Amino acid sequence: MLIDGTYFPNKVCLVLYRDNNLKMTQLYRLTDGEWFDEICEDLQSLLDLGLQVESVTCDGLSNIITAIRKICPETIIQRCLAHIQRETFIWLTKHPQNIAGIELRKIISRLHLIKDRDDWGYWVVALVRWYERHKDYVNEKTYNPDSTRYWFTHKSVRKSFIHIKRAIPDMFHYLENPNIPKTTNGLESFFGHLKQNIAIHRGLSKEHYKNYIKWYLYFKSNEK
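Residues numbered from 1 in each chain as written. Predicted model: local features only at pLDDT ≥ 70, side-chain atom pairs only at ≥ 80, totals over all residues. Heavy atoms only, no water.

Colleague: Let's hear about the pairing of strand S3 (residues 24-31): which residues, and what values?
Modeller: Side-chain direction in a regular strand flips from residue to residue, so the side chains alternate between the two faces of the sheet. Sheet topology note: the strand S2 (residues 12-19)/S3 ladder contains seven bridges and is antiparallel. By the bridge assignment, aspartate 19 is partnered in S3 with methionine 24. Between S2 and the antiparallel strand that follows it, S3, lie four residues; lysine 23 among them carries a positive phi value of about 55 degrees. (Pairing = 2+ DSSP bridges. Helix = DSSP H or I, 4+ residues; strand = E, 2+ residues; numbered from the N terminus.)

Okay, here's the thing in structure tokens:
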């Protein structure tokens, strides 16, 4: 299953639960954010309907992950590799100004090329060796001369590395099960098409906005 949320004007948020193999929406919620309690309620509703949630691919939002672990503790969580790449590229920028950032960006850029355990092994070794070379740089601190407070000097590089380090346990489940999508690109494409269509109807009220989305999802679910 793919779970993701997207935002529209008028503070409308669409949270979608979609079967990646069937290309079918299982459940959706129109709300104003990706809230923990609502996601828990949605997951429980899916289970009550008899749906077996083997895996969930998501962008790593803490509310989604925490809800899955509470309601579906046996479910495999696959972190979206595209989101990880996108976020770290933003932090590192397109042209990092230091060798550590340049090298880390190259390693991250190869994420989508990992197709088997051999690829995975080479990638992990490259990341570990990168850290061994640059750990002093990553952990360098700048102290406030007027107090004992400090901050990490090279925030963007450190933030990118820590983000990947924390995500690694949930990044490569797709290597063991080909039915697990490694990205939420299927939903991103769906959201993109929806937004292109709704953009034609500018000036809709909040309720009309919601109704348009509902009808769009209804007709998409009934396409043959």
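Next, the rest of the story.
Colleague: Would you mind going over the packing of aromatic side chains in detail, with residue names and values included?
Modeller: A complete count under the given rule lists eleven aromatic pairs for this structure. Taking 4.8 Å as the distance between ring centres and 5 degrees as the angle between the ring planes, the aromatic pair formed by tyrosine 131 and phenylalanine 161 counts as stacked. In this pair, tyrosine 131 is assigned in helix H5 (residues 117-138) and phenylalanine 161 in helix H6 (residues 155-167), connecting sequence segments 30 residues apart. Tyrosine 131 sits in the partly exposed class, given a relative accessible area of 26%. Residue phenylalanine 161 is classed as buried on the basis of its relative accessible area, which comes to 8%. Here the aromatic rings of tryptophan 215 and tyrosine 218 are separated by 5.7 Å at their centres, their planes lie at 85 degrees, and the arrangement is edge-to-face. Of this pair, tryptophan 215 and tyrosine 218 both sit in helix H8 (residues 206-221), three residues apart, which is roughly one turn of the helix. Classification of tryptophan 215 by relative accessible area gives exposed; the value is 53%. Ring-pair connections join several aromatic residues into one group, and the members of that group are Trp123, Phe172 and Tyr174. Just above the ring of tryptophan 120 sits the side chain of arginine 117; from NZ or CZ to the centre is 4.7 Å. Geometry around phenylalanine 8 places lysine 195 over its ring, the cationic atom sitting 5.4 Å from the centre. (Phe/Tyr/Trp six-rings, centres within 6.5 Å; stacked < 30°, edge-to-face > 60°. Buried < 20%, exposed > 50% of the residue type's maximum accessible area, 1.4 Å probe, protein only. Lys NZ or Arg CZ within 6 Å of the ring centre and 35° of its normal.)

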